[in-house]
Structure formats: structure tokens, C-alpha cells
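Results of the structural survey
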Amino acid sequence: MKKFFLLPFLFALTLGFISCSDDDDKSPVWYFYDEPAIVKSVSAGTGSPEVIIQTAYGNFSVPELSGSLAEGQCLWTAFTYDMNNQPSPGVMTATAFRYKEIDSTKVLMPADKPAFDTYLEDSYSDSIKASVLYLSYVNKVLFFGFSMHDSKSYGYELICNPDLDEGSTYPTLYIRARPFISNIKYNSLQTDEKNTVHYGFDMTGFLDKYMTSGNSVTFNLKYKTGTKDGKDVYKSFKDNPITWSFK
């Protein structure tokens, strides 16, 4: 069984990472790449609005961001944290901030198997070429990367099977896709994964049901790759079952 905090990539498309630069006289400068974030707050000040983002490593003030972003908006980011150049004591400030807005939605929790089967017949019927689950999570949001077979804009849904799949000890979550028109406005963030769509799923409903004790929950993930003989074909993530451990 794979621990979520040990193996960040289940079907690798990219290597998001943190690096630092240091010398004998200065504190480290941390560089963050391919990191998910959520806009925590946008507060009006005497000057430009202050934007606070929440990441897997804490909250950062981002003076470069405008007040046009809404609270709760998910972002895909790259930025620098220079411990030698912090304008406000006690507040972590990010600089050289680049981002793109990404879509997100809540995990679907059908009440029973008939309701689950109905979801599998909805319009989310397109095939996913490949999928990756990222190590970094923010609050109760998991972040994925999807590689599709064309350049259309896609929406995604994550559905929990209320019954255990045959031969499984843990619940299974199914990922599906469909083309849609997105209102997301993309920024100039450039990464090595230009053909990857990043997406977030709020897992609150799933955790409320399945994380009954302790600080971890275990599940399986599958995503739709096509159809065969009129039936949907799903591919399991390589490291199923996955254990999501909370700090």
C-alpha cells in the first residue's frame, strides 16, 4: 500500500518540486514550481488589495496579484520565497509569482448503487489519455493533471462508488471527462507540461464518510480511457490502493 506523502506521482507526467539556494551569510531562498494553491482571502487595503494564497506549505501574501481573483479560486503556481527579503515580519511574502487559474469541483457521493450507475451514464463520456495525482494538497482539495487526446477544454467529475468494487477492500473513485466551455482566464505561467490540464477536487464529502478515525483514508482511483463492446473501460492508477495521510 502506497503512502500518499511518500509517493507523489501515480502516473507521472511532470516533476513539480521545491528547490533552495543558500550561502554562508544568508537565509535560504526557496523556489516553488508546479504547486497548487487556493486563494484564501482578498482584502481591501489603502493601496492595492492584499491577496493571501494557501498552499501545502502555508499561507503566502502575494502583492503582485490583483483583487480580481475570488476567494476559493484554485491556482497552479510558480513563485519564490526569499527569507532575506520579507517586507512584513511574521508574514510570508511570495515574489516572482506566476500562475494560471484552474477549475475545481466537489467529489460526487451517490447515495446508492443505482444512483452511481446513473452518473456513469451522464455526459461525461470522453476518454482520458493519462492522469496524475499530485503530492501537494490544500485543505481537503486533491489536485490532478490530465492529458487528453485533443486540445479541447474539458470538465471533469470524480464519483465515489458507494459499493466496494469486486475484490477491493477500499472505496473506488471514478474520474470522467467531457468537453465544455471554461470561463478560466489563463495567465502566462509556462511549465514543462504544456498539454496537461490541472484540476482540483474538493474531497470534503468523501472524507466525511470514510475518514472515521485517525489521520488517513485509503481508496482506489480509476479513470475512463475509452469504450469496448459498448462498455466503458477504466484504468486503475498504478499505485492503488492509495493512502492519503494528513499531517
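Attention here is on the structure that accompanies the text. (Residues numbered from 1 in each chain as written. Predicted model: local features only at pLDDT ≥ 70, side-chain atom pairs only at ≥ 80, totals over all residues. Heavy atoms only, no water.)

Thoughts on the overall build of the protein chain
A tally of helices and strands in the protein chain yields 2 helices and 15 strands. Counting all 247 residues of the protein chain, 44% fall into the buried class. Pairs at least 24 apart in sequence give 68% of the contacts found in the protein chain among residues at least 6 apart. Accessible surface, the protein chain as shown: approximately 12800 Å² in total, 49% of it carbon and sulfur. (Helix = DSSP H or I, 4+ residues; strand = E, 2+ residues; numbered from the N terminus. Buried < 20%, exposed > 50% of the residue type's maximum accessible area, 1.4 Å probe, protein only. Contact = heavy atoms within 4.5 Å. Areas by Shrake-Rupley, 256 points an atom, 1.4 Å probe, with all protein chains shown as cover.)

Observations concerning the side chain of Asp 34
Position of Asp 34 relative to the elements: it lies in strand 3 (residues 26–43). Here Asp 34 sits buried without a salt bridge, and the closest side chain of opposite charge, Lys 100, lies 7.4 Å off (N-O distance). Only 3.4 Å separates the side chain of Asp 34 from the side chain of Trp 76, close enough to count as a polar contact. (Lys, Arg positive; Asp, Glu negative; His and termini not counted. Salt bridge = Lys/Arg side-chain N within 4 Å of Asp/Glu carboxyl O. Polar contact = N/O pair within 3.5 Å; in protein donor to acceptor, adjacent residues only side chain to side chain.)

Some thoughts on the nonpolar core
Generally speaking, soluble globular proteins have nonpolar side chains that are buried together. Ranked by internal contacts, the top residues of the largest apolar core, which has 28 residues, are Met 203 and Leu 221. Those elements that place two or more of their residues in this core are strand 9 (141–147), strand 10 (154–160), strand 11 (172–179), strand 12 (196–202), helix 2 (204–210), strand 13 (216–228) and strand 15 (242–245). Counting 15 residues, the second largest nonpolar core, distinct from the first, contains Val 39, Val 51, Tyr 81 and Tyr 99. (Core = buried A, V, L, I, M, F, W, Y, C linked by side-chain atoms within 4.5 Å.)

What to know about the pairing of strand 9
Burial analysis of strand 9 places 7 of its 7 residues in the buried class, which makes it a mostly covered element. Residues of strand 9 alternate between two faces, with Val 141, Phe 143, Gly 145 and Ser 147 on one and Leu 142, Phe 144 and Phe 146 on the opposite face, all of them buried. Pairing between strand 8 (residues 130–133) and strand 9: 4 bridges, direction antiparallel. If you follow Val 132 over to strand 9, its bridge partner there is Gly 145. For strand 9 and strand 12, the ladder comprises 7 bridges, and the chain directions are antiparallel. Looking at the pairing, Phe 146 lines up with Val 197 of strand 12. (Pairing = 2+ DSSP bridges.)

Details of the packing of aromatic side chains
The final tally for this structure, using the stated rule, is 23 aromatic pairs. Taking the centre distance of 5.6 Å and the plane angle of 80° together, the rings of Phe 144 and Phe 201 count as edge-to-face. Here Phe 144 is found in strand 9, whereas its partner Phe 201 is found in strand 12, with 57 residues between them in sequence. Looking at Phe 144, the relative accessible area reads 1%, which means it is buried. Each member of the aromatic cluster is reached from another via a ring pair, and the members are Phe 32, Tyr 57, Phe 60, Phe 79, Tyr 81, Phe 97 and Tyr 99. (Phe/Tyr/Trp six-rings, centres within 6.5 Å; stacked < 30°, edge-to-face > 60°.)

Quick look at the pattern of salt bridges
For the structure shown, the criterion picks out 6 salt bridges. Taken together, the shared-partner salt bridges in this structure form one network comprising Asp 122, Glu 157, Arg 176, Lys 224 and Asp 232.

A word on unusual backbone geometry
Looking along the chain, the bond that leaves Asn 240 and enters Pro 241 is cis, with omega of -10°. Within the fold, Pro 241 resides in the loop between strand 14 (231–236) and strand 15. At Asp 34, a residue that is not glycine, the phi angle is positive and equals roughly 50°. You can call Asp 34 buried: its relative accessible area is 11%.

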